[in-house]
Structures are given as structure tokens and as C-alpha cells.
Amino acid sequence: QVQLVESGGGLVQPGGSLRLSCLASGSIFSINNMYWYRQAPGKERELVASITTGSSTYYADSVKGRFTISRDNAKNTVYLEMSSLKPEDTAAYYCYGSVTERAAFRTRDYWGQGTQVTVSS
């Protein structure tokens, strides 16, 4: 059974840094295009960053220059490095993406359960 397992969330002060990890667990052939979303209370879920299999990246204007998305294919892991954090970055952060399983050799999309990031003094 394939799952996206997130870690790294927590409480951080404004101006601080945090690194989120998203590990694809199970019998994995590959991770493909991957995305980080976030959702704050009362707001729609929004795309924060994405990374393709070729490592091309995209960032929302609100995080450009502060966040960096990266991938380690050998570890089946995607990262989101967050710096200069602001209170408005407070949200539940979700990993989403395409994973190809070894056994059935099928490709499906998955959501992680989310990890909470709270930026507060």
C-alpha cells in the first residue's frame, strides 16, 4: 500500500525556518510530478510549489524567494524548505503527487494527511 508520509511541521517564530518532508512509502518504482499545497482556516487550498520529474519548479508569488522545493529520487522524498516565515504562512501543508508502484506497475495520485505549520510569536 502506497502512502505519502509528511513530517517536519510545528511551531516556529516569525522569521524562522522549517523543512517539511514528504516520503512515499511502500513498494515504489518512482515518484513523479509532486506538489505542496496549504490551507489556512477559512481559505481555499492553494498550490504553494511544484516540482516535475525533470526538476522544473514553480512557486506561488506569496512564497517566491522564501521557499524552495526539491526532490531526492533515491529516497522517494520531496522537501519544502521554508525560510523568513510569516504569520500568514500558518496553515496545514499537504503533499500531493503521482507515484508509480513496482508490483502492479500502476501510477496513481495520492494526498498526504497534512502537517500543521504555525508561525507565531
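Above this text sits the structure in question.
### Quick look at the overall build of the protein chain
Thought 1: Along its length, the protein chain carries zero helices and 11 strands.
Thought 2: Each helix and strand of the protein chain, placed in order from N terminus to C terminus, yields the pattern β-β-β-β-β-β-β-β-β-β-β.
Thought 3: Along the first, second and third principal axes, the C-alpha atoms of the protein chain reach 50 × 25 × 25 Å.
Thought 4: The burial tally for the protein chain puts 45% of its 121 residues in the buried class.
Thought 5: Accessible surface computed for the protein chain: about 6500 Å², of which carbon and sulfur atoms make up 45%.
Thought 6: The average position of the 12 basic charges and that of the 10 acidic charges among the side chains of the protein chain differ by 4 Å.

### Here we look at the state of the cysteines
Thought 1: What the rule picks out here adds up to one disulfide.
Thought 2: Cysteine 22 shares a disulfide with cysteine 95; S-S distance 2.1 Å. Judged by the sign of its S-S torsion, about -80 degrees, the bond between cysteine 22 and cysteine 95 is left-handed. Of the two residues, cysteine 22 is situated in strand β3 (residues 18-25) and cysteine 95 in strand β9 (residues 91-101); the sequence distance between them amounts to 73 residues. Each member of the pair, cysteine 22 together with cysteine 95, is buried.

Procedures and definitions
Numbers given for residues are sequential positions, taken from 1 along each chain in its written order. Local features in this predicted model are restricted to residues whose pLDDT is 70 or higher, and side-chain atom pairs enter the listing and the counts only when it is 80 or higher, whereas totals over whole chains, interfaces and linings include all residues. Computation of side-chain values: all heavy atoms of the structure, hydrogens and water removed. Put simply, DSSP H or I for four residues or longer makes a helix, DSSP E for two residues or longer makes a strand, and each gets a number counted from the N terminus. Working definition: with a 1.4 Å probe on protein chains only, accessible area under 20% of the residue-type maximum means buried, over 50% means exposed, and in between means partly exposed. Throughout, the Shrake-Rupley method with a 1.4 Å probe supplies accessible areas, and for residues the shown protein chains are the sole cover considered. Only four residue types enter the tally: Lys and Arg on the positive side, Asp and Glu on the negative side, with His and both chain ends excluded. The location of each charge is read from NZ of Lys, CZ of Arg, CG of Asp or CD of Glu. Any two cysteine sulfur atoms lying within 2.5 Å of each other are counted as a disulfide.

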